[in-house]
Amino acid sequence: MAWQFKSLALQRKLQLAMVLGTVLALLLAGLAVLSYETSTFRPRVERQLDAVAKVMADINQASLDFDDARQAQDNLAFLRLYEGIDAGALYRADGSLFAEWASNNGASNNAKPSSPVSAPANGTQFERSRASLSLPVLRDGRELGRVWIRVQLPPLLQRLPQYGIMFGALALAVMVLGAVLLWAGRHLVSQPMERLSAAADKVGRTGDFSLRVPKDSDDEIGQLTDEFNRMLAVVGERDQALLAANDLLEQRVLARSLELEQAMTLLMQNEKLAALGNVVAGVAHELNTPIGNALLAATSLGKGTQHMREQISGNSLSRRGLEEFMASVEEGSGIVSRSLERAAGLVRSFKAVAVNETSEARMDFDLRHVLDDCMALLMPGLKHRPIEVTLDCAEGIRCNSYPGALTQIVSNLVENAARHGLEPIGGGRVEVQVQESSALPDPLDADGGKGMGKNKDQDQGWLTLQVRDSGAGIPAEHLHRIFEPFFTTRLGQGGSGLGLHVVHSLAKTPLGGTIEVRSQVGQGTTFELRFPRRAPLDQL
């Protein structure tokens, strides 16, 4: 288990700490011994030499005073009693050698003297493995001569066993202490931490916040255990509260989503009906003219007929009067006929468009006829604005699709171009153009606002419908958002922000096509709808 590896790592860390502590203690002890040796060894040697030299100076005063070299030789021989001293000498006041002694050397006259030929300077001299001291021999303040003593310093190797014993004892003491500390740490720290680690691992894997860790003591580990158990209790309560809140939130989100979906459906339907309502208002206004002309012509014909009847009754009808009456009847009937034909055409177009826009039926139709009806109903609303709309679509383009969706898209795009593109600059031109294409449209990124949807049917023809205007254009920062619902730059001025979203939705469903937009500020806007002649099945 993971907590066992963690516990093992902790034990190894404690062992490593003990070993490192032992090594560090030994190093510190060695440094302490070396420092002690460095600071005290030389002073001890100097004190030893000074004491021996003063003894030799005192016992050799008479020998120097009476010039008794043999006695001086015998006195120097007492140096063998001092450990480490291997040579000694007496010098006269003039610095010449008076007597000398050397360990294993003084009995042979042929041996090379180990003492200096002349008296060395006062003081202690340290060499690599030995030290020497020169001291004056005084009587009543008068220098009789000089005594010189040399001692062999014990090499470091001779002192290593002592240091080894001392370091070994110290290392053993440190290891015993470390083992005791490791055992205490294992029972007092490691095991409680193992239990906490195991509990944390189990809670993390199972999410069981009801788990509790037993408490062994009231020290800091015990306090940590209490806090850990308290934390588990608090987190468990919050987890339950969070789950309950999450369930409630999901229910509310689902309810709000359904309400929003219903509201969006209603708004889009209202948007479609609002567009149809604008068409109705325009058609009603346009019908006033031909019907008024027909009514005026019929009234005039009625008055002319009454006048003719009066002339006939009074036998005052002349040939000229009859000809004038026939001419007025012919002109009035023409006016009535043309006006009623125009009104009938408007009514037929309105009926076709109204049926298309309020119906989601799929049918076979001629695209040019549908667009002609759409243009006929758009013209009355644009008649009194400085806006020109042209249609370029060939005859005989047969489609099996949804004419209501096409009519809604074209009317929304033309009205959008007129309201947002041309009116701000005082008018202009809107061109509606249809081209045939056998290739599928390039896949477009719907999220970027450039297009959406893609038909998978590779065997059918495609049509491209463009609505171009010469208006103000769309700023680049708005271009990727224009198909979003409720996005409008005329908030509070009659813009709902749903017109182009409706276009976007209808282009995908039910037409099964794509729509994209290209625009630059000051250079107009082009909407390009690409859709198949035969709409995909099950689009509604």
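The coordinates are above.
Computed from a predicted model, the values in this text were never measured in an experiment.

Draft legend 1. Representation of the overall build of the protein chain within the structure. Counting its secondary structure elements, the protein chain contains ten helices and twelve strands. Looking at the protein chain residue by residue over its 540 residues, the buried ones come to 37%. For the protein chain, restricting intrachain contacts to residue pairs at least 6 apart in sequence, the fraction spanning at least 24 positions comes to 71%. As displayed, the protein chain has an accessible area near 31,600 Å², and 57% of this comes from carbon and sulfur atoms.

Draft legend 2. Here's a closer look at the sheet that holds strand 10 (residues 462-469). Pairing is mixed in the open sheet, where five strands are placed in the order 7-9-10-12-11. Sheet topology places strand 7 (387-392) and strand 11 (514-519) at the edges, where each strand pairs with a single neighbour. Here the strands of the sheet are splayed against their neighbours by 15° on average, with no regard to which way each runs. With six bridges connecting them, strand 7 and strand 9 (residues 428-437) associate as parallel partners.

Draft legend 3. Region of interest: the nonpolar core. If you look at the biggest cluster of nonpolar residues, it comprises 46 residues, and the most contacted ones within it are Leu367, Val414, Leu465 and Leu529. Among the secondary structure elements, those contributing two or more residues to this core are helix 7 (367-382), strand 7, helix 8 (403-422), strand 9, strand 10, helix 10 (499-508), strand 11 and strand 12 (525-532). Looking at this core, the element that brings in the most residues is helix 8, giving nine residues. Leave out the neighbours within four places in its chain, and Leu529 touches Leu406, Ile409, Leu463, Thr464, Leu465, Ala507, Leu511, Thr514 and Ile515. One finds Val45, Leu90, Leu133 and Val151 within the second-largest nonpolar core, a separate group that totals 26 residues.

Draft legend 4. Molecular detail of the pattern of salt bridges. Counted by the stated rule, this structure contains 21 salt bridges. When the shortest N-O distance is used, the salt bridge between Arg385 and Glu415 registers 3.5 Å. With a gap of 30 residues between them, Arg385 in the loop between helix 7 and strand 7 and Glu415 in helix 8 connect regions that are remote in the sequence. Classification of Glu415 by relative accessible area gives partly exposed; the value is 23%. Here Arg518 makes a salt bridge to Glu528, at a shortest N to O gap of 3.7 Å. Of the two residues, Arg518 is situated in strand 11 and Glu528 in strand 12; the sequence distance between them amounts to ten residues.

Draft legend 5. Broad picture of the sheet that holds strand 5 (residues 142-152). Ordered in space as 2-1-5-4-3, the five strands form an open sheet in which the pairing is antiparallel. Lying at the two open borders of the sheet, with one neighbouring strand each, are strand 2 (97-102) and strand 3 (123-126). Taken pair by pair, the neighbouring strands of this sheet meet at an average axis angle of 15°, ignoring direction. Two strands pair when backbone bridges link them, and strand 3 and strand 4 (residues 130-139) are joined in this way by four bridges, in the antiparallel orientation. Bridging across to strand 4, Thr124 finds its partner in Leu133. Relative to the sheet, helix 3 (residues 69-77) contacts strand 1 (85-92) and strand 2, its axis offset from that of strand 2 by approximately 30°.

Draft legend 6. View of the packing of aromatic side chains. Scanning the model with the defined rule gives one aromatic pair in all. Plain terms: the ring middles of Phe483 and Phe527 are 6.3 Å apart, the flat faces sit at 70° to each other, and that makes the pair edge-to-face. Linking Phe483 in the loop between helix 9 (476-479) and helix 10 with Phe527 in strand 12, this pair joins segments that are 44 residues apart in sequence. Judged by its relative accessible area of 6%, Phe483 falls in the buried class.

Draft legend 7. Just the side chain of Ser134, in detail. Turning to its location among the elements, Ser134 is positioned in strand 4. Judged by relative accessible area, Ser134 falls into the buried class, the value being 2%. In terms of polar contacts, Ser134 uses its side chain to reach the backbone carbonyl oxygen of Pro120, at 3.1 Å.

Draft legend 8. Region of interest: the side chain of Asn229. By secondary structure assignment, the location of Asn229 is in helix 5 (residues 220-313). Take Asn229: its relative accessible area is 13%, and that puts it in the buried class. Each residue touching Asn229, except ones within four places of it in the same chain, is listed here: Arg212 and Val213.

Reading the values: rules and limits
Residues numbered from 1 in each chain as written. Predicted model: local features only at pLDDT ≥ 70, side-chain atom pairs only at ≥ 80, totals over all residues. Heavy atoms only, no water. Helix = DSSP H or I, 4+ residues; strand = E, 2+ residues; numbered from the N terminus. Buried < 20%, exposed > 50% of the residue type's maximum accessible area, 1.4 Å probe, protein only. Contact = heavy atoms within 4.5 Å. Areas by Shrake-Rupley, 256 points an atom, 1.4 Å probe, with all protein chains shown as cover. Pairing = 2+ DSSP bridges. Axes fitted to C-alpha atoms, helices over the stretch in contact; angles between N-to-C directions. Core = buried A, V, L, I, M, F, W, Y, C linked by side-chain atoms within 4.5 Å. Salt bridge = Lys/Arg side-chain N within 4 Å of Asp/Glu carboxyl O. Phe/Tyr/Trp six-rings, centres within 6.5 Å; stacked < 30°, edge-to-face > 60°. Polar contact = N/O pair within 3.5 Å; in protein donor to acceptor, adjacent residues only side chain to side chain.

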